[in-house]
Amino acid sequence: MQTAVLSREEKGRLIAEKPNQIQRMDERFYKVASQSDHGMYDVVRRENGAWICGCFDYHYRQVRCKHIIAVQVSLKLREHVQARVIEPITDVHACLFCKSENIKKDGLRHNKYGDIQKFFCKDCGKWFTVNFGFERMKHNPQGITTAMQLYFSGESLRNTSRSLRLLGVQVSHKTVFMWIKKYTALMEKYLDKITPQVSDTWRADELFLKVKGNMKYLYALMDDQTRFWIAQEVADTKFTADLRPLFQSGKRIAEKQPKTLITDGAPNFHEAYEQEFWTQKIATRTEHIREISFDGVRHNNKMERMNGEIRDRERVMRTLETTDTPILKGMEIFHNYIRPHMALKGRTPAEAAGIKVEGENKWVTLIQNASRKYPAKR
Ligand SMILES: [Zn+2]
Ligand SMILES: [Zn+2]
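Owing to the predicted nature of the structure, the values given are computational and were not obtained by experimental measurement.

Draft legend 1. Spatial organisation of the pattern of salt bridges. Using the criterion set out here, one finds 15 salt bridges in the structure. Here Asp200 ties to Lys256 by a salt bridge, and the two come within 2.8 Å at their closest N and O atoms. Residue Asp200 is found in the loop between helix H6 (173–191) and strand S9 (201–211), and its partner Lys256 is found in the loop between helix H7 (244–254) and strand S12 (260–263); the two are separated by 56 residues along the sequence. Notably, a salt bridge pairs Glu351 with Lys362, separated by 3.2 Å at the nearest N-O pair. Taken as a pair, Glu351 in helix H12 (residues 349–352) and Lys362 in helix H13 (residues 362–373) lie far apart in primary sequence, 11 residues in all. Through salt bridges with shared partners, one network takes in Arg8, Asp57 and Arg61.

Draft legend 2. Expanded view of the packing of helix H4 (residues 141–152) against helix H11 (residues 327–338). Contact geometry of H4 with H11 gives a least axis separation of 10 Å together with a crossing angle of 95°. Considered as vectors, H4 and H11 are oriented roughly perpendicular to each other. Of the residues in H11, those touching H4 at Gln149, Tyr151 and Phe152 are Ile327, Gly330, Met331, Phe334 and Ile338. Its residues assigned to classes, the contact of H4 with H11 comprises six nonpolar, two polar and no charged.

Draft legend 3. Structural context of the coordination of the zinc ion (ligand 1). The protein atoms donating to the zinc ion (ligand 1) are Cys53 (SG), Cys55 (SG), Cys65 (SG) and His67 (ND1), with metal-donor distances spanning 2.1 to 2.3 Å. Geometry at the zinc ion (ligand 1) is tetrahedral, judged from its four donor atoms and the angles of 104 to 114° they form at the metal.

Draft legend 4. View of the environment of Cys53. Position of Cys53 relative to the elements: it lies in strand S4 (residues 51–53). The buried category is assigned to Cys53, whose relative accessible area is 3%. Taking the C-alpha atoms as reference, Cys53 lies 6.7 Å from Tyr41; in sequence the two are 12 residues apart. Beyond its immediate chain neighbours, meaning those up to four positions away, Cys53 contacts Tyr41, Asp42, Val43, Tyr58, His59, Cys65, His67 and Ile68.

Draft legend 5. Region of interest: the nonpolar core. By size, the foremost hydrophobic cluster in this structure holds 66 residues, and its most contacted members are Tyr183, Met187, Leu191, Phe247, Tyr337 and Leu366. The element contributing the most residues to this core is H6, with nine residues. Beyond its immediate sequence surroundings of up to four residues, Phe247 is in contact with Ala204, Leu221, Leu261, Phe269, Ala272, Tyr273, Glu276 and Phe277. Counting 13 residues, the second largest nonpolar core, distinct from the first, contains Val43, Cys65, Ile68 and Ala70.

Draft legend 6. View of the coordination of the zinc ion (ligand 2). Protein-derived ligands of the zinc ion (ligand 2) are Cys95 (SG), Cys98 (SG), Cys121 (SG) and Cys124 (SG), with the metal-ligand distances lying across 2.3 Å. Seen from the zinc ion (ligand 2), its four donor atoms lie at angles of 107 to 118°, and the figure they make is tetrahedral. Spacing between the donor residues of the zinc ion (ligand 2) along their common chain follows C-x2-C-x22-C-x2-C.

Draft legend 7. Region of the structure containing the pairing of strand S10 (residues 214–223). Burial runs high along S10: eight of the 10 residues are buried. Of the strand pairs in this sheet, S10 and strand S11 (residues 229–235) are connected by six bridges, and their pairing is antiparallel. Across the sheet, Leu221 pairs through a bridge with Ala231, a residue of S11. Between the antiparallel neighbours S10 and S11 lie five residues, among them Arg227 with a positive phi of about 65°.

Draft legend 8. Region of the structure containing the sheet that holds strand S1 (residues 22–26). If you walk across this open sheet you meet the four strands as S1-S2-S3-S4, and the pairing is antiparallel. Each edge of the open sheet carries a strand with a single partner, namely S1 and S4. Neighbouring strand axes in the sheet, compared pairwise and without regard to direction, differ in orientation by 20° on average. Two elements, S1 and strand S2 (residues 29–33), share four bridges in a ladder whose sense is antiparallel. When the sheet's bridge partners are listed, Arg24 is paired in S2 with Tyr30.

Draft legend 9. Representation of H6 in the model. Between the first and last C-alpha of H6 there are 26 Å, a value that for 19 residues agrees with the 27 Å anticipated at 1.5 Å per step. Inspection of H6 places Val176, Phe177, Trp179, Ile180, Tyr183, Thr184, Leu186, Met187, Tyr190 and Leu191 among the buried residues, and these make up the whole buried set. Residues of H6 that are buried sit in contact with strand S5 (84–86), H4, helix H5 (157–166), H11 and H13.

Draft legend 10. View of a positive patch on the surface. The grouping of Arg84, Lys189, Lys193 and Lys373 at the surface amounts to a positive patch. Checked against the element boundaries, Lys193 lands in the loop between H6 and S9.

Draft legend 11. Focus on the packing of aromatic side chains. Tallying each qualifying case throughout the model produces 13 aromatic pairs. With a centroid separation of 5.6 Å and 15° between ring planes, the pair formed by Phe119 and Phe128 is classed as stacked. Taking relative accessible area as the criterion, Phe128 reaches 1% and is therefore assigned buried. Seen from their ring centres, Phe152 and Phe334 are 6.1 Å apart, and the 25° between their planes marks the pair as stacked. Within this pair, whereas Phe152 is found in helix H4, its partner Phe334 is found in helix H11, the two being separated by 182 residues in sequence. The same class applies to Phe152 and to Phe334, which are both buried.

Conventions and cut-offs
- Residues numbered from 1 in each chain as written.
- Chains lettered and ligands numbered in written order.
- Predicted model: local features only at pLDDT ≥ 70, side-chain atom pairs only at ≥ 80, totals over all residues.
- Heavy atoms only, no water.
- Salt bridge = Lys/Arg side-chain N within 4 Å of Asp/Glu carboxyl O.
- Helix = DSSP H or I, 4+ residues; strand = E, 2+ residues; numbered from the N terminus.
- Axes fitted to C-alpha atoms, helices over the stretch in contact; angles between N-to-C directions.
- Parallel < 35°, antiparallel > 145°, perpendicular 65-115°, else oblique.
- Contact = heavy atoms within 4.5 Å.
- Nonpolar A, V, L, I, M, F, W, Y, C, P; charged D, E, K, R; others polar.
- Donors = N, O, S within 2.8 Å, 3.2 Å for Na, K, Ca; no water.
- Tetrahedral: all angles 85-135°; square planar, octahedral: opposite > 155°, others 65-115°.
- Buried < 20%, exposed > 50% of the residue type's maximum accessible area, 1.4 Å probe, protein only.
- Core = buried A, V, L, I, M, F, W, Y, C linked by side-chain atoms within 4.5 Å.
- Pairing = 2+ DSSP bridges.
- Expected span 1.5 Å × (residues − 1).
- Patch = residues over 30% accessible without salt bridge, like charges linked within 9 Å, V, L, I, M, F, W, Y side chains within 5 Å.
- Areas by Shrake-Rupley, 256 points an atom, 1.4 Å probe, with all protein chains shown as cover.
- Lys, Arg positive; Asp, Glu negative; His and termini not counted.
- Charge placed at Lys NZ, Arg CZ, Asp CG, Glu CD.
- Phe/Tyr/Trp six-rings, centres within 6.5 Å; stacked < 30°, edge-to-face > 60°.

Here's what the structure looks like:
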């Protein structure tokens, strides 16, 4: 009768690969969804390292059951993705695209900072330079990325342009804005494909911003543990905006849904929650916690801190022409990949979520890698 029966190993792996089956209570305590009913089994790692499970299979047969295997597999998967490193591109002895060493020097590109050697790959037919990612720019990577750092740290476009003059980079604030738009769009395309390993508790909140003098609402979805800013949505109204797209983006980007969602209790948060996160089955359902303020004091502390970070930007927002400018996305990239957080012991949210960006200048590393993935048309 036993045809095509899966081994415990295979069953455990399947559970680990399915979304929302494993709930992490702490480092040694997990809950794993029963595959036959709506219950959850407690899976615990003892002091001596041995794993135990509350299921029948474990107790009756004293074996490593599929729930234990599922937790072990998911921990391994997590370790694996935690090793994700985005490295700077420094090697020009091989093709940046196909790694072939069959490359030749192909003339010089001139700009005001001197001559930049061009290379041609005889195998894949692509050109590249040592200034990879910045080939078409009149200015050097240092100037461009310094501009982005200043702007997203809270300087206005005009102040940024003034500070750049001290570095010998003469550009108008309009050029600074153009750089930010161009490179944010490129980085967004690249980073959008990378999955952060976020925790099971997410927070959603709205932040005010002004676009051409009009009040808009920026909705942000953020991971509680890593502070990773998962998704954003801009709306014209506060209590009635449709927030389903915010939660849909969150699920797509994190490749899961949270166990717990914390909001300020606004009705549109709850509506979107019911449609995107509520499920019939308790094991897969997200719990919605509404941190409603009674005395005007908000308890959504981590969001409050982020609010401050974004409010610094408010005066700059006044110059925004439309809400679909990449500036808001740039703030998200700065928050996740560039800015170290005290609460994360000096790490970035991306590092806490398993994505490490190497190099002296993280902006350069991100732009190089994005350019390699999405080369500019020649
Ligand atoms: Zn079990
Ligand atoms: Zn090549």
